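Given next are the chains, with one letter for each unit.
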There are 2 protein chains.
Amino acid sequence: MASRKSRPERRQEPLSRERIVAAAVELLDTVGEGGLTFRALAERLATGPGAIYWHVTGKNELLAAAIDAVIAPTLAGDDTGTTPQEAIRSLALGVFDAIDAHPWVGTTLAQLPRTPGKSPMLRVFERIGRQVQALRVPEAAQFTAASALLSYILGVAGQNAANTRAAQANADRANTDRAAFLDAVATAWRELDPDQYRFTRDVAGQLREHDDRAEFVAGIDLILAGITAGRADGRTRP
Amino acid sequence: MASRKSRPERRQEPLSRERIVAAAVELLDTVGEGGLTFRALAERLATGPGAIYWHVTGKNELLAAAIDAVIAPTLAGDDTGTTPQEAIRSLALGVFDAIDAHPWVGTTLAQLPRTPGKSPMLRVFERIGRQVQALRVPEAAQFTAASALLSYILGVAGQNAANTRAAQANADRANTDRAAFLDAVATAWRELDPDQYRFTRDVAGQLREHDDRAEFVAGIDLILAGITAGRADGRTRP
DNA sequence: TGCCGACTGGAACGTTGTTCCAGCAGTCCC
DNA sequence: GGGACTGCTGGAACAACGTTCCAGTCGGCA
């Protein structure tokens, strides 16, 4: 059967960079950042660890490719016909949702040795920057504004990733869900020393009922407000 | 000599949690996050790996303690007699400087399994929150404002840590310093595809001459401006 | 003096990223 | 058609890691 020119596959389908990266993302999603092992990956691909190194130079490149595979689709959107503010919001939310769905991105991003200018986040920076320009921010302040937005996005993403993982670890241990985890943290906050942690105790209730996503957009709006308010010279001093 | 009650030390000075943590910080500072090894640590303390486990439950606790040892001193400052804005700025700068001096903090923070409410950053959150209250932000928006500030701080810290490490890696490889590294990145940015990276190319020059610290404070000021501008309801929509 | 618990440090275990290399399937050239 | 050559495979092996284990040593107390 089908011997005409070439059997389409050698065993199942040939190993390829894309197949490897896809399997890595799957593994990261199901088992977490600690579960991505060259051996586990090899087993899932029905091969040995050595074969993977023919397509990928090492674990760092693999992680970077996995992040790219997860972030890139969120940048496909179209910005035309919206205000810059809306474009930035939806861009930020795209990254937020991607990292929320794949928490390992948040944790992994920080410790990847970034080759100059090839970070997976450069494209996000570019997209943000264009909208900052569209906001008519003076040239000298554009870099600051775009950097602040990106830093905030990555900061929240990192925090969220850590929280998600903590919640999952807690869930595995205590058989509870995310809401129960938030509840546990809120309760722990309420029991802190009233002198040392007055504020934290005050907002413990807000933690219990807060919505990460809405909170995140609110932060974006804070920065956007700051950017547009200080448009004259790019920064504000009281 | 000095046999009266107790020879003050058994061999040199007895192993202790503080001595271990101090040695860990030293090791992290000199060799980087990858250099902290129980074996290297044991060698530096003139003992074996097993002895360390008597004082410390594992690597995670050791890292958390190291972070705490580096961050805690920055929280010693006194806020009385300054405006809330200034207090927040100096607090944020303290954390920024600490992480800048010890880049491993930025990278390590993200991947520490955080036991609910015992993160080393909780105290920072508390200090920020008090100043947010002093800013007379309405109660419902206090959590958002403090979270946004902390996320931004951690985001910049993480970015900065990654950059510092990239610069150091580059320096080790090419025998250059940080300025040369920024120059290299700026040059790389300038050579990007003009269609795809219009904005990044535009701001490449600003990258070369930018000051991380000033940039960071400018971002803080952006958020502060947003907070005080939207004080009525805590958020702004155009 | 003899014992006991606090503490030490070296050996050993299991797992990781990475390297090495003998072998396979095709393709090209003679 | 048959050998060399290339692109690719996958299992074995290596060094290094975090962690555990345990035979010891020490100081203070009975």
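Use the structure listed above.
Given the structure is predicted, the values throughout are model-derived calculations rather than measurements.

Chemist: I'm lost on the interface of chain A and chain B in this one. Help?
Modeler: Where interface size is quoted, it is often the accessible area lost as the parts come together. Between chain A and chain B, the residue contacts involve 67 residues of the former and 67 residues of the latter. Taking both sides of the interface into account, the surface hidden between chain A and chain B amounts to around 5900 Å²; carbon and sulfur atoms contribute 61%. Interface area lost by chain A to chain B is led by Phe143, Phe199 and Leu222 of chain A, which between them contribute 13%. For the pair chain A and chain B, the interface holds zero salt bridges. Counting across the interface, chain A meets chain B through 19 residue pairs in polar contact (both at pLDDT 80 or more). The element best represented in the side of chain A that touches chain B is helix H8 (residues 139–174) of chain A, accounting for 19 residues. Classifying every residue of the side of chain A that touches chain B gives 33 nonpolar, 20 polar and 14 charged.

Chemist: Please clarify how the relation of the copies chain A and chain B should be interpreted in this entry.
Modeler: Copies of the same chain, two in number, are related to each other by a rotation about an axis and a translation along it. Mapping chain A onto chain B leaves a residual RMSD of 0.1 Å; the transformation is a rotation of 180 degrees accompanied by 0.0 Å of translation along its axis. Both chain copies can therefore be described as sitting about a two-fold axis. Closest to the rotation axis within chain A is the C-alpha of Gly155 of chain A, separated from it by 1.7 Å. The residues that chain A uses at the interface reappear at the interface of chain B in 100% of cases, marking a shared surface.

Chemist: Would you take a moment to explain the protein's contact with DNA strand C for this structure?
Modeler: Lining the immediate environment of DNA strand C, one finds 21 residues, of which Arg39 and Lys59 of chain A together with Thr47, Ala51 and His55 of chain B sit closest. Here a phosphate oxygen of DNA strand C and a backbone polar atom of Leu36 of chain A are 3.4 Å apart. Leu15 of chain B is positioned with one of its backbone polar atoms (N or O) 3.3 Å from a phosphate oxygen of DNA strand C. Counting only elements with at least two residues in the surface near DNA strand C, the list comes to helix H2 (38–44) and helix H3 (49–55) of chain A together with helix H3 (49–55) of chain B. No other element matches the five residues that H3 of chain B contributes to the surface near DNA strand C.

Chemist: Is there a simple way to think about the side chain of Ser151 of chain B in this case?
Modeler: Secondary-structure assignment places Ser151 of chain B in helix H8 (residues 139–174). You can call Ser151 of chain B buried: its relative accessible area is 5%. Discounting residues that sit within four places of it in the chain, Ser151 of chain B has contacts with Ser151, Tyr152, Gly155, Val156 and Gln159 of chain A.

Chemist: Looking at this model, I keep getting lost on the nonpolar core. Mind explaining?
Modeler: Here is a general trend for soluble globular proteins: nonpolar side chains tend to be buried in one another's company. Membership of the largest hydrophobic core comes to 150 residues, with the highest contact counts inside it found for Leu41, Trp189 and Phe216 of chain A together with Leu41, Trp189 and Phe216 of chain B. Setting aside chain neighbours within four positions, we find Phe216 of chain B in contact with Ala92, Leu93, Phe96, Tyr152, Ile153 and Val156 of chain B.

Chemist: Even after reading the chapter, I still don't get the packing of aromatic side chains, so can you show me in this structure?
Modeler: By convention here, two paired aromatic rings are described through the distance between centres and the angle between planes. Tallying each qualifying case throughout the model produces 12 aromatic pairs over all chains. Ring centres 5.7 Å apart and planes at 5 degrees place the aromatic pair Tyr152 of chain A and Phe216 of chain A in the stacked group. Placement of Tyr152 of chain A in helix H8 and of Phe216 of chain A in helix H12 (residues 212–229) is noted, with a sequence separation of 64 residues between them. For the pair Tyr152 of chain A and Phe216 of chain A, one class covers both residues: buried. Each member of the aromatic cluster is reached from another via a ring pair, and the members are Phe125 and Phe143 of chain A together with Trp189 and Phe199 of chain B.

Definitions and cut-offs
- Residues numbered from 1 in each chain as written.
- Chains lettered and ligands numbered in written order.
- Predicted model: local features only at pLDDT ≥ 70, side-chain atom pairs only at ≥ 80, totals over all residues.
- Heavy atoms only, no water.
- Contact = heavy atoms within 4.5 Å.
- Buried area = accessible area lost by both parts, 1.4 Å probe.
- Salt bridge = Lys/Arg side-chain N within 4 Å of Asp/Glu carboxyl O.
- Polar contact = N/O pair within 3.5 Å; in protein donor to acceptor, adjacent residues only side chain to side chain.
- Helix = DSSP H or I, 4+ residues; strand = E, 2+ residues; numbered from the N terminus.
- Nonpolar A, V, L, I, M, F, W, Y, C, P; charged D, E, K, R; others polar.
- Least-squares fit on C-alpha atoms with pLDDT ≥ 70 in both.
- Near = heavy atom within 4 Å.
- Buried < 20%, exposed > 50% of the residue type's maximum accessible area, 1.4 Å probe, protein only.
- Core = buried A, V, L, I, M, F, W, Y, C linked by side-chain atoms within 4.5 Å.
- Phe/Tyr/Trp six-rings, centres within 6.5 Å; stacked < 30°, edge-to-face > 60°.

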